[in-house]
Amino acid sequence: MERENHFLVVLKIGNYEKERAIAARKIPMNRVNDLGQREGYWRDSLGEGITHELYYKGGKKDGLFKCFSRNDLFVLGEYTADNMSGTWYVFGDEGELVYTLDSIELNKDSIYTGYCRIFCKYKCHSIDYYPSGAVKSEGYMVCDEDFMVDFWEIGEWKYYDESGNLIKTKDYGDRRTP
């Protein structure tokens, strides 16, 4: 099952509009291989203006991942063999960097949240930013792929004012015991 997209560039010359296919490229996307697994470039519309663009190899996420909210880039990251990898970037409504995730690794330990024990797939370093671009806070957390909703701070976190001065630290511990 293959869907083709064509890109068309519209050139304006004075009051005269001329449509011209500059590089009428066909980009194969949303393909499956002989085993019925996702393969290559995929674009998924999730509703409410949310679109994911990502690459697959043999049914596993592998390569660049982009999430758009109403055509604005919201999240940029990478997958390797179906796991988050590299550095992930989350942007705000005005395109400003809100936070990053890096040093992503598979988490080996369950954590106690205060009322139950859970297991999160990833452990990573997070940096939150002020709209000015200054670092707001940083530390490690555990999370799943829905890291914007479900995450738990672990270890020592540092909090800064907008001038970059350390204003407090908080140790969340390893959260392995109640």
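Our subject is the structure that appears above.
Every chain's residues receive numbers from 1 upward, in the order its sequence appears when written. Totals for whole chains, interfaces and linings use every residue, but because this is a predicted model, local features are given only for residues with pLDDT of at least 70 and side-chain atom pairs only at 80 or more, for both listing and counting. Where side-chain values are given, they derive from all heavy atoms of the structure, hydrogens and water being excluded.

K.L.:
An account of the pairing of strand E9 (residues 97–106) is requested, with residue identities and associated values reported.
P.N.:
Where strand E8 (residues 83–91) and E9 come together, four bridges link them in antiparallel fashion. Residue Phe 91 lies in a different strand from E9, and its bridge partner there is Leu 97. Connecting E8 to the antiparallel partner E9 that follows it, the hairpin turn spans five residues, and Gly 95 within it adopts a positive phi of roughly 85°. Only when DSSP finds a minimum of two bridges between them are two strands counted as paired. Counting from the N terminus, the helices are DSSP H or I runs at least four residues long and the strands are E runs at least two residues long.

K.L.:
Tell me about the side chain of Ser 137, residues and numbers included.
P.N.:
Tracing the backbone through its elements, the reader meets Ser 137 in strand E13 (residues 135–143). Polar contacts, as counted here, are pairs of nitrogen or oxygen atoms within 3.5 Å of one another; within protein the pair requires one atom able to donate a hydrogen and one able to accept it, and residues that are adjacent in sequence qualify only if both atoms are side-chain atoms. For Ser 137, the side chain forms a polar contact with the side chain of Asp 128, separated by 2.7 Å.

K.L.:
Run through the sheet that holds strand E12 (residues 122–129), naming residues and quoting values.
P.N.:
What the eleven strands build is an open sheet, ordered E3-E4-E5-E6-E7-E8-E9-E12-E13-E14-E15; its pairing is antiparallel. Of all strands in the sheet, those with a lone pairing partner are strand E3 (31–32) and strand E15 (166–171), marking the two edges. Alignment of strand E4 (residues 38–47) against strand E5 (residues 50–57), held across seven bridges, turns out to be antiparallel. Looking at E5, one finds that Gly 40 is bridged to Tyr 56.

K.L.:
Go over the nonpolar core with me, naming the residues and quoting the values.
P.N.:
Side-chain atoms within 4.5 Å link the members of a nonpolar core, which is a set of buried Ala, Val, Leu, Ile, Met, Phe, Trp, Tyr and Cys residues. Here's how the labels work: a residue is buried when its accessible area is under 20% of the maximum for its type, exposed when over 50%, partly exposed in between, all with a 1.4 Å probe on protein chains only. With 21 residues, the main nonpolar core has Met 84, Trp 88, Leu 101 and Phe 147 as its most contacted residues. Looking at this core, the elements with two or more residues in it are E5, strand E6 (60–69), strand E7 (72–80), E8, E9, E12, E13 and strand E14 (151–160). Residue contacts for Leu 101: discarding those within four places in its chain leaves Met 84, Gly 86, Thr 87, Trp 88, Cys 124, His 125, Ser 126, Met 141 and Phe 147. Pairs of residues are marked as contacts when any of their non-hydrogen atoms sit within 4.5 Å.

K.L.:
Lay out the packing of aromatic side chains with the relevant residues and their values.
P.N.:
Each Phe, Tyr or Trp ring (for Trp, its six-membered ring) is paired with any other whose centre lies within 6.5 Å, and the angle between the two planes then decides the class: stacked below 30 degrees, edge-to-face above 60, tilted in between. All told, the structure shown has eight aromatic pairs when counted by the stated rule. Ring geometry for Phe 65 and Tyr 79: centres 5.9 Å apart, planes at 80°, overall edge-to-face. One end of the pair, Phe 65, is in strand E6; the other, Tyr 79, is in strand E7, and 14 residues separate them in sequence. Side by side, Phe 65 and Tyr 79 carry an identical accessibility label, which is buried. Judged by centre distance (5.3 Å) and plane angle (90°), the rings of Tyr 79 and Trp 88 are edge-to-face. In this structure, Tyr 79 and Trp 88 share a single accessibility class: buried. Each member of the aromatic cluster is reached from another via a ring pair, and the members are Phe 65, Tyr 79, Trp 88, Tyr 99 and Phe 147. Here the basic side chain of Arg 38 rests over the ring of Trp 42, its NZ or CZ set 3.9 Å away from the ring centre. Working rule: Lys NZ or Arg CZ, within 6 Å of ring centre, within 35 degrees of ring normal, means a charge sits over the ring.

K.L.:
Would you mind going over the side chain of Glu 53 in detail, with residue names and values included?
P.N.:
Tracing the backbone through its elements, the reader meets Glu 53 in strand E5. Side-chain polar atoms of Glu 53 contact the side chain of Arg 43, separated by 3.1 Å. Residue contacts for Glu 53: discarding those within four places in its chain leaves Tyr 41, Trp 42, Arg 43, Leu 64, Phe 65, Lys 66 and Phe 68.

K.L.:
Can you tell me about unusual backbone geometry, naming the residues and giving the values?
P.N.:
Phi at Asn 30 takes a positive value of approximately 55°, unusual for a residue other than glycine. In this structure, Asn 30 sits in the loop between strand E2 (16–20) and E3. The phi dihedral of Ser 103 falls on the positive side, at around 50°, and the residue is not glycine. Mapping Ser 103 onto the fold places it in strand E9.

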